[in-house]
Amino acid sequence: AQSVAQPEDQVNVAEGNPLTVKCTYSVSGNPYLFWYVQYPNRGLQFLLKYITGDNLVKGSYGFEAEFNKSQTSFHLKKPSALVSDSALYFCAVSIVGGRRALTFGSGTRLQVQP
Amino acid sequence: GAGVSQSPSNKVTEKGKDVELRCDPISGHTALYWYRQSLGQGLEFLIYFQGNSAPDKSGLPSDRFSAERTGGSVSTLTIQRTQQEDSAVYLCASSLASGGVYNEQFFGPGTRLTVL
């Protein structure tokens, strides 16, 4: 079985400060890892993915994430937060060679204060 | 270009009634997924279609839930004899699927189902 943990229900950060949204995963095999963002009353939007290769992945809107195999983590980061980044963020995992459906974390609400 | 579309956007029904939710994937996407998002359970996988292969139904919570995909495009999720615990937002996603390459899923806006 595979699972994703997002230990923080909410992250608060001041505009202009760096932000980190944490994600750890558990799979039996090699993971595909994803971050999605959900704005109010809208569907999920893809931010970035790790499939293979460089551990540091860059995505949309200035976000990046670092795959750490030894810590089974895939934390989302941004050097300078914007108020418009305030949204609900989901980490998700699938298994290489396994079922393509995603297993999602519980989500982390990011609140960026002006 | 056009994204994934879902209809209706909102559906209110009475307990015991059947409902049908529709998903139009992005043109050319061969993979289609249904998920549901609820307060208590988060985002859960329901069913996955890939081309002409047999669907992966492993996420369907009960035999009241079923889905079809006609002509490799539009999909309909049917819930029979709805229960209050079926209330949730039902999300559809589609992706390109080509061999061993994993492509990201693109999500529709969802259908909010309320069972009274």
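Located above this text is the structure these notes cover.
Residues numbered from 1 in each chain as written. Chains lettered and ligands numbered in written order. Predicted model: local features only at pLDDT ≥ 70, side-chain atom pairs only at ≥ 80, totals over all residues. Heavy atoms only, no water.

Chemist: Please explain the overall build of chain A as it appears in this structure.
Modeler: A count of helical and extended segments in chain A gives zero helices and twelve strands. Computed over the C-alpha atoms, the radius of gyration of chain A is 13 Å, within 12% of the 13 Å expected from 2.2 N^0.38 for a compact globule of 114 residues. Viewed in the frame of its principal axes, chain A has a C-alpha envelope of about 45 × 30 × 20 Å. Per-residue burial over chain A gives 50% buried out of 114 residues. Put simply, of all contacts in chain A between residues at least 6 apart along the chain, 57% involve residues at least 24 apart. Carbon and sulfur atoms make up 48% of the accessible area of chain A, which amounts to about 5,400 Å² in all. Side chains of chain A give 10 positive and 7 negative charges; the mean places of these two sets differ by 9 Å. (Helix = DSSP H or I, 4+ residues; strand = E, 2+ residues; numbered from the N terminus. Rg over C-alpha atoms; globule rule 2.2 N^0.38 Å. Buried < 20%, exposed > 50% of the residue type's maximum accessible area, 1.4 Å probe, protein only. Contact = heavy atoms within 4.5 Å. Areas by Shrake-Rupley, 256 points an atom, 1.4 Å probe, with all protein chains shown as cover. Lys, Arg positive; Asp, Glu negative; His and termini not counted. Charge placed at Lys NZ, Arg CZ, Asp CG, Glu CD.)

Chemist: Any chance you could explain the state of the cysteines here in plain terms?
Modeler: What is meant by a disulfide is a covalent connection between two cysteines, made through their sulfur atoms. All names here are of chain A. Enumeration over the complete set of coordinates arrives at two disulfides over all chains. A sulfur-sulfur distance of 2.0 Å marks the disulfide that ties C23 to C91. Judged by the torsion about the S-S bond (-60°), the C23/C91 disulfide is left-handed. Of this pair, C23 sits in the loop between β3 (19-21) and β4 (24-26) while C91 is found in strand β10 (residues 87-95), placing the two residues 68 residues apart along the sequence. (Disulfide = S-S within 2.5 Å.)

Chemist: Sorry, what's going on with the interface of chain A and chain B here?
Modeler: Accessible area lost on assembly of the parts is the figure often given for the size of an interface. Listed as interface residues are 16 residues of chain A and, on the opposing side, 19 residues of chain B. Here chain A meets chain B over a buried area of about 1,700 Å², counting both sides, of which 56% is carbon and sulfur. It is L44, R99 and R100 of chain A that lose the most area in chain A upon contact with chain B, and together they represent 37% of the buried surface on that side. Linking chain A with chain B are one salt bridge, by the criterion used here. With a shortest N-O distance of 2.7 Å, K49 of chain A and E104 of chain B are connected by a salt bridge. At the boundary of chain A and chain B, one finds four residue pairs in polar contact (both at pLDDT 80 or more). Looking at the side of chain A that touches chain B, the elements that each hand over two or more residues are β5 (31-38), β6 (44-50) and β10 of chain A. With four residues, the top contributor of residues to the side of chain A that touches chain B is β5 of chain A. (Buried area = accessible area lost by both parts, 1.4 Å probe. Salt bridge = Lys/Arg side-chain N within 4 Å of Asp/Glu carboxyl O. Polar contact = N/O pair within 3.5 Å; in protein donor to acceptor, adjacent residues only side chain to side chain.)

Chemist: It is not clear to me how unusual backbone geometry should be interpreted in this structure. Could you clarify?
Modeler: Apart from glycine, the bulk of residues carry a negative phi angle, and the bulk of peptide bonds sit in the trans form. Here the amide bond leading from S7 of chain B into P8 of chain B is cis, since omega sits at -10°, within 30 degrees of zero. Tracing the sequence through the fold places P8 of chain B in the loop between β1 (5-7) and β2 (10-13). Of note in this structure, T72 of chain A is not a glycine but carries a positive phi near 45°. As for its placement among the helices and strands, T72 of chain A is situated in the loop between β8 (64-68) and β9 (73-78). Owing to a relative accessible area of 31%, T72 of chain A belongs among the partly exposed residues under this scheme.

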